[in-house]
Amino acid sequence: QVQLVESGGGLVQAGGSLRLSCAASGRTFSAYGMGWFRQALGKEREFVAGISRNGGTTDYGDSVQGRFTISRDNAKNTVYLQMNSLRPDDTALYYCNTHPLTIATRAAWGQGTQVTVSS
């Protein structure tokens, strides 16, 4: 059974930085593109960033382009999200999963990690 465990969230002031980690187990991690997603209170879950299987290609949601960087370490079965220049509207519960997020490849959602940005 695949498990995704997100960590690294916290409370930070606007303009600050955080680095999120997602540790995956139970399947061949390097066989899948991976992504970060977030869900703010009262809103739908949205795509934040994605990275290809070998890390050579990345893509980002419009609202985080230029501020966030996704990376991965296949030897550690871990994907990261470096978040800089954080804004209050980045406040959300952040999750990782496969990317693209298809019925065939998606894993069960983890518990997420909370990011709160104060103004």
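Owing to the predicted nature of the structure, the values given are computational and were not obtained by experimental measurement.

J.: Is there a simple way to think about the state of the cysteines in this case?
T.: Throughout the structure, instances matching the rule amount to one disulfide. What pairs with Cys22 in a disulfide is Cys96, and their sulfur atoms sit 1.8 Å apart. Taking the sign of the S-S torsion, about 50° here, the bridge from Cys22 to Cys96 comes out right-handed. Of the two residues, Cys22 sits in strand β3 (residues 18-25) while Cys96 sits in strand β9 (residues 92-98), which places them 74 residues apart along the sequence. Side by side, Cys22 and Cys96 carry an identical accessibility label, which is buried.

J.: How do you make sense of the nonpolar core when you look at a structure like this?
T.: Across soluble globular proteins, nonpolar side chains show a tendency to be buried alongside one another. Counting 27 residues, the largest nonpolar core has Trp36, Val79, Leu81, Met83 and Tyr94 as the members making the most contacts within it. Ignoring sequence-local partners within four residues, the contact set of Val79 consists of Leu20, Ser21, Cys22, Phe29, Met34, Trp36, Ile51, Ile70, Ser71, Arg72 and Cys96.

J.: What am I meant to see in unusual backbone geometry here?
T.: Among all residues except glycine, the phi angle is most often negative; among peptide bonds, the trans geometry is most common. Cis geometry is adopted by the peptide bond preceding Pro100, which originates at His99 and carries an omega value of 5°. By the element assignment, Pro100 lies in the loop between β9 and β10 (113-118). Non-glycine residue Asn77 carries a positive phi angle of around 50°. Relative to the elements of secondary structure, Asn77 occurs in the loop between β7 (68-73) and β8 (78-83). A positive phi angle is found at Ser85, which is not glycine, with a value near 50°.

Rules of the game
Residues numbered from 1 in each chain as written. Predicted model: local features only at pLDDT ≥ 70, side-chain atom pairs only at ≥ 80, totals over all residues. Heavy atoms only, no water. Disulfide = S-S within 2.5 Å. Helix = DSSP H or I, 4+ residues; strand = E, 2+ residues; numbered from the N terminus. Buried < 20%, exposed > 50% of the residue type's maximum accessible area, 1.4 Å probe, protein only. Core = buried A, V, L, I, M, F, W, Y, C linked by side-chain atoms within 4.5 Å. Contact = heavy atoms within 4.5 Å.

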